[in-house]
Amino acid sequence: MIQGELSIFIILIIMLAGIFYLSKLHNRLIKLVFSVIPPLLFCYFLPSLFVEYGIINIGNSDLNGTLAKMLLPFCIFYFTLGLPLAKLKSIGKKPIILFLVGAGGIIVGGPIALVISHSIFPTEFNAESYKGMATIAGSWIGGTANQMALNAIFLPNSNELAKAVTVDVFFGETWLAILLFLIPFQQRINRYLKASFDHQDISAHWEDDLTVKQFTFLNLIQILGLGLLITVLSTYLGKYIAELVKISFLNHSFWTFLFCTLAGIGLGLSPIKKLYTAGGDVISTLFLYFIIASIGLKISLSHLFSTPLLLFTGFIWISIHGLAIFVVGKWIKAPYHYMAIASQANVGGIASTSVIATAINPILAPLGVILALLGYALGTYGGYLSAILMQWVSQTY
């Protein structure tokens, strides 16, 4: 039996390496498994199996709390640092409008879906149900980092979080499949929408190379040093402001993530921004998976049987998001590719949004990356607003 935070952490790193190694193999059976169960779900639920079958004994350790306090602000900072503010003007108004409308659909869609579900199944929801759904809101507006931030703010119990993760991944993958399926019909859709758009291309030679990394000792030590410095300062300021303001729903985690975001936006306008593409994005993603795996240690798979009800709620929620983008897209006569990329930038992340953009036209890949990074900057706060509305619904009904 493995116990002790350091030993458990080492096992989780080995597990993550194994998952992503297997996910890249070309074996037909393994490819089929990972096409049905994404690597992200393995990262969440394999640790819970290790605990359930006695391979890992977590005892009184709080590895997730330790990692989240130090690594999550680091991740939020670097994901926000990569936001190319100067590029937002070059992509035009329509993609940004659709992205913001999609985010708005998620913000208000959660409370509406909760009201509908509660009216049909009044005994299945309680005053705490919104906490798990809050993490979905963060993920669907931004990404996994925002989901983890809202998890740290609202602290849903492990069972609610397990169900929320399942719903998040299920609809994230399903929505991606739907958007890809509609690509061959985009000309027909554009005729119906009476879409009007110019053919001003976004440069395919984006100056920030997001794929080729030249890791050096100097790069890595600067990335780690800056990220941890921002983490320490944001944590200190977050605790100080929380004690000063003393508003119950604005706890120190909220203020910590706010300061990390503001630091990322501010420093993103300086030469320090180069650290994002020098490896800050990769290290942040790695740290994020450490946090995800440590959360899995607290999840109980036996409570997932009630997930179908939350799937019903998720279906209503994602439908409201899609309807909002469709209605506004038709109103402003936006083409399908703008609608699809803006929607996936909400519901998915950089990788899946790039898949959609590249499948439509490789020249659109930078647009997908820009909108996905915008989601990271807004996801925690849009998700927070949605959670406050869902909290009101839960306590009112």
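Residues numbered from 1 in each chain as written. Predicted model: local features only at pLDDT ≥ 70, side-chain atom pairs only at ≥ 80, totals over all residues. Heavy atoms only, no water.

Participant: Teacher, can you tell me more about the overall build of the chain here?
Facilitator: Scanning the chain from N- to C-terminus turns up 17 helices and two strands. For the chain, the residues scored as buried account for 52% of the 397 residues in total. Accessible surface, the chain: about 18,400 Å² in total, of which carbon and sulfur atoms supply 69%. (Helix = DSSP H or I, 4+ residues; strand = E, 2+ residues; numbered from the N terminus. Buried < 20%, exposed > 50% of the residue type's maximum accessible area, 1.4 Å probe, protein only. Areas by Shrake-Rupley, 256 points an atom, 1.4 Å probe, with all protein chains shown as cover.)

Participant: I tried to follow the pattern of salt bridges on my own but got confused; where do I start?
Facilitator: Pairing is possible between side chains that carry opposite charge, provided their charged atoms lie close to one another. A full pass over the atoms with the stated rule returns one salt bridge. Glu160 serves as the salt-bridge partner of Lys163, at 3.5 Å between the closest nitrogen and oxygen. Here Lys163 and its partner Glu160 are both found in helix H9 (residues 158-182), three residues apart, which amounts to about one turn of the helix. Each member of the pair Lys163 and Glu160 is classed as buried. (Salt bridge = Lys/Arg side-chain N within 4 Å of Asp/Glu carboxyl O.)

Participant: Can you walk me through the packing of aromatic side chains in this structure?
Facilitator: Geometry of an aromatic ring pair is reported as the spacing of the ring centres plus the angle between the planes. In this structure the tally under the stated criterion is 18 aromatic pairs. Taking 5.1 Å as the distance between ring centres and 85° as the angle between the ring planes, the aromatic pair formed by Phe170 and Phe171 counts as edge-to-face. With a relative accessible area of 43%, Phe170 lands in the partly exposed category. Judged by its relative accessible area of 7%, Phe171 falls in the buried class. (Phe/Tyr/Trp six-rings, centres within 6.5 Å; stacked < 30°, edge-to-face > 60°.)

Participant: Explain the state of the cysteines to me, please; I cannot follow it from the model alone.
Facilitator: A covalent bond bridging the sulfur atoms of two cysteines is what the word disulfide describes. With the rule as written, the count across this model stands at zero disulfides. Free cysteine Cys75: the closest other cysteine sulfur is in Cys260, separated by 9.8 Å. For Cys75, a relative accessible area of 0% gives the class buried. (Disulfide = S-S within 2.5 Å.)

Participant: What is the right way to look at the side chain of Thr261 in this model?
Facilitator: Among the structural elements, Thr261 can be located in helix H12 (residues 252-267). According to the relative accessible area criterion, Thr261 is buried, its value standing at 4%. Setting aside residues no more than four positions away along its own chain, Thr261 makes contact with Ile76, Thr80, Ala377 and Tyr381. (Contact = heavy atoms within 4.5 Å.)

Participant: How do you make sense of the environment of Ile189 when you look at a structure like this?
Facilitator: If you trace the backbone, Ile189 turns up in helix H10 (residues 186-193). Those residues in contact with Ile189, other than ones at most four positions away along the chain, are Leu182 and Tyr336.

Participant: I tried to follow the nonpolar core on my own but got confused; where do I start?
Facilitator: Nonpolar side chains tend to gather and get buried jointly when the protein is soluble and globular. Residues Leu98 and Trp317 are the most contacted members of the largest nonpolar core, which totals 113 residues. Here this core gets 12 residues from one element, more than from any other, and that element is helix H17 (residues 365-396). With residues near it in sequence (within four places) discarded, Leu98 still touches Ile325, Val328, Gly329, Ile332, Ala334, Tyr338, Met339 and Ala342. (Core = buried A, V, L, I, M, F, W, Y, C linked by side-chain atoms within 4.5 Å.)

Participant: Is there a simple way to explain the packing of helix H1 (residues 5-23) against helix H4 (residues 63-81) in this structure?
Facilitator: When two helices pack together, you describe them by how their axes are tilted relative to each other and by the distance separating the axes. At their nearest, the axes of H1 and H4 sit 10 Å apart, and the two run at 75° to each other. With respect to their mutual orientation, H1 and H4 come out roughly perpendicular. Contacts from Glu5, Ile8, Phe9 and Leu12 of H1 reach H4 at Leu63, Thr66 and Leu67. Residue composition of the contact of H1 with H4, grouped by class: five nonpolar, one polar and one charged. (Axes fitted to C-alpha atoms, helices over the stretch in contact; angles between N-to-C directions. Parallel < 35°, antiparallel > 145°, perpendicular 65-115°, else oblique. Nonpolar A, V, L, I, M, F, W, Y, C, P; charged D, E, K, R; others polar.)

Participant: Got a minute to help me understand the confidence of the model for the chain in this structure?
Facilitator: Low-pLDDT stretches of the model should not have their predicted coordinates read in fine detail. Mean pLDDT for the chain: 84, with 90% of residues reaching 70 or above. In the model, residues 199-210 has pLDDT below 50 throughout and makes 21 contacts with residues more than four positions away in sequence or in other chains. (pLDDT = per-residue confidence, 0-100.)

Participant: Help me understand the environment of Ala137, please; the structure alone is not making it clear to me.
Facilitator: Locating Ala137 in the fold gives a position in helix H7 (residues 129-141). Taking the C-alpha atoms as reference points, Ala137 and Val347, 210 residues apart in sequence, are found 9.1 Å from one another.

Participant: Just to check I follow, could you spell out the packing of helix H6 (residues 93-120) against H7 for this structure?
Facilitator: With their axes 10 Å apart at the nearest point, H6 and H7 run at an angle of 165° to one another. Here H7 runs roughly antiparallel to H6, going by the angle between their axes. Crossing hand, H6 versus H7: right-handed. Here H6 contributes Phe99, Ala103, Ile106, Ile107, Gly110 and Leu114 to the contact with H7, which in turn contributes Met133, Ala137, Trp140 and Ile141. Class assignment of the residues belonging to the contact of H6 with H7 gives a composition of nine nonpolar, one polar and no charged. (Left-handed = near helix turned anticlockwise from the far one by under 90°.)

Participant: Got a minute to help me understand the environment of Ser129 in this structure?
Facilitator: Within the secondary structure, Ser129 is located in helix H7. The exposure class assigned to Ser129 is buried, which follows from its relative accessible area of 5%. Separated by 181 residues in sequence, Ser129 and Leu310 place their C-alpha atoms 9.9 Å apart.

Participant: Help me understand H4 in this model?
Facilitator: Turn by turn, an α-helix covers 3.6 residues, leaving residues three or four places apart pointing in a common direction. Across its 19 residues, H4 extends 27 Å between first and last C-alpha, which sits within 8% of the 27 Å expected from 1.5 Å per residue. Along its length, H4 shows its largest kink, about 35°, at Lys69, and proline Pro73 lies within four residues downstream of that point. Counting buried positions over the 19 residues of H4 gives 16, a clear majority of the element. (Expected span 1.5 Å × (residues − 1). Bend = angle between axes of the 7 residues up to and from the residue.)

Participant: Sorry if this is basic, but what is going on with a nonpolar patch on the surface here?
Facilitator: A cluster of nonpolar side chains, Val108, Ile112, Ile116, Ile120, Phe121, Phe312, Leu385 and Leu389, forms an exposed patch at the surface whose accessible area comes to about 610 Å². Elements that contribute at least two residues to the nonpolar patch include exactly H6 and H17. With four residues, the single largest contributor to the nonpolar patch is H6. Within the secondary structure, Ile116 is located in helix H6. (Patch = residues over 30% accessible without salt bridge, like charges linked within 9 Å, V, L, I, M, F, W, Y side chains within 5 Å.)

Participant: Quick question: what am I supposed to make of unusual backbone geometry here?
Facilitator: What you tend to see is this: most non-glycine residues have negative phi, and most peptide bonds are trans. Backbone geometry places Lys194, a non-glycine residue, at a positive phi of 55°. Along the polypeptide, Lys194 turns up in the loop between H10 and helix H11 (217-245). Of the residues examined, Lys194 reaches a relative accessible area of 60% and is grouped as exposed.

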